[in-house]
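# Coordinate inspection notes
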Amino acid sequence: MTISPEEIARRAARLDQFDETIRKAGPAPEGTSPGFGGRFSDDLEGTEFEGWTRDPKTGHWFDKDGQPVSEGKNP
């Protein structure tokens, strides 16, 4: 299948329009996920890792209940 130059131009125009929408979008309200896709805006939001925290001093992860997580399950 060969795409015509007109179809390539249409697709490029749609991509340019989308890019312009992204550039004009303001920051997300405080406490919400940035971007357009809710959980798709943050790889760790809405997954089994939601609520996990990492101790910056030790690098160890803790689940949403504060329990240490084994090395094999770290996000």
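Conventions we followed
- The residue numbering used here restarts from 1 in each chain and proceeds along that chain's sequence as written.
- Local features in a predicted model are, by the rule used here, given only for residues with pLDDT of at least 70; side-chain atom pairs are given and counted only at 80 or more, and totals for whole chains, interfaces and linings are based on all residues.
- As a rule here, side-chain values come from all non-hydrogen atoms in the structure, and water together with hydrogens is ignored.
- In DSSP terms, a helix is any run of H or I states spanning at least four residues, a strand is any run of E spanning at least two, and both are numbered starting from the N terminus.
- Exposure classes here rest on a 1.4 Å probe applied to the protein chains alone. A residue is buried below 20% of its type maximum, exposed above 50%, and partly exposed in between.
- Here, residues are in contact when the closest pair of their heavy atoms is within 4.5 Å.
- Confidence scores labelled pLDDT are given residue by residue by the predictor and lie between 0 and 100.
- Note on definitions: salt bridges are taken to be side-chain nitrogens of Lys or Arg within 4 Å of carboxyl oxygens of Asp or Glu.

On to the overall build of the chain, then. On a plain count of helices and strands, the chain comes out with one helix and two strands. Reading the helices (α) and strands (β) of the chain from amino to carboxyl end gives α-β-β. Within the chain, the fraction of its 75 residues that count as buried is 7%. Intrachain contacts of the chain at a sequence separation of at least 6 include 7% that bridge at least 24 residues.

As a further point, take the confidence of the model for the chain. Taken residue by residue, the chain gives an average pLDDT of 78. The fraction at 70 or more is 65%. When pLDDT is averaged over each element of the chain, helix H1 (residues 5-24) comes out on top at 92 and strand E1 (residues 53-54) at the bottom at 89.

What follows is about the pattern of salt bridges. Using the criterion set out here, one finds four salt bridges in the structure. For Arg23, the salt bridge identified is with Glu20, shortest N-O distance 3.0 Å. Of this pair, Arg23 and Glu20 both sit in helix H1, three residues apart, roughly one helical turn. Take Glu20: its relative accessible area is 33%, and that puts it in the partly exposed class.

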